[in-house]
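# Results of the structural survey
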Amino acid sequence: QIQMGAKDALCKIAQLNCGLPDTLAYYSEEEFITGFKKTMAFQPRVVKQNRGSSGEGIWIIKLKDQPYCANYGDASAEDDWMLDLMEANDNHQEFHT
């Protein structure tokens, strides 16, 4: 039996009809930079930074001033694009590039 967490399971089904192709898990800084910029340009993201399910450390991230690309992989977010972040536990909002 293979043990895997929920995030890994979602990544394993990403290419199936029930999955989303822009579902990724990042295991290195380089993977995060490349993958996050590509997915961020496509549609809003939910990023989980901590283990557990309390909601703390879960961020809903949207582009503030840029349009999303039509197809996953058509574009990558630039370092100067403003992001609108909302923390899911207490709904506080932050803006960052």
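Conventions used here
- Residues numbered from 1 in each chain as written.
- Predicted model: local features only at pLDDT ≥ 70, side-chain atom pairs only at ≥ 80, totals over all residues.
- Heavy atoms only, no water.
- Helix = DSSP H or I, 4+ residues; strand = E, 2+ residues; numbered from the N terminus.
- Expected span 1.5 Å × (residues − 1).
- Buried < 20%, exposed > 50% of the residue type's maximum accessible area, 1.4 Å probe, protein only.
- Arc of directions from axis to C-beta.
- Contact = heavy atoms within 4.5 Å.
- Pairing = 2+ DSSP bridges.
- Axes fitted to C-alpha atoms, helices over the stretch in contact; angles between N-to-C directions.

### Details of helix H2 (residues 29-40)
In a regular helix each residue adds 1.5 Å, so 12 residues correspond to 16 Å; H2 covers 16 Å between its end C-alpha atoms and thus fits that length. Within H2, burial applies to Gly35, Phe36, Thr39 and Met40. Within H2, the buried residues cover an arc of 120° as seen down the axis, which keeps them to one side. Facing away from the buried side of H2, by more than 90 degrees, are the exposed residues Glu30 and Thr34. Elements in contact with the buried residues of H2: strand E1 (45-48), strand E2 (58-63) and strand E3 (83-87).

### Describing the pairing of E3
Where burial is concerned, most of E3 is hidden: four out of the five residues are buried. Where E3 meets strand E4 (residues 93-96), four bridges bridge the pair, whose relative direction is antiparallel. Residue pairing across strands places methionine 86 opposite glutamine 93, the latter belonging to E4. Between E3 and E4, which follow one another and run antiparallel, lie five residues, and asparagine 91 among them has a positive phi close to 60°.

### Re the sheet that holds E1
Taking strand neighbours across the sheet as the criterion, the four strands line up as E1-E2-E3-E4 in an open arrangement whose pairing is antiparallel. In this open sheet, the two edge strands, each paired with only one partner strand, are E1 and E4. Averaged over all neighbouring strand pairs, the angle between strand axes comes to 30°, with direction disregarded. Here E1 pairs with E2 via four bridges, running antiparallel. In the sheet register, valine 47 faces E2, and the bridge partner there is tryptophan 59.

Any functional reading would require information beyond the geometric quantities listed.
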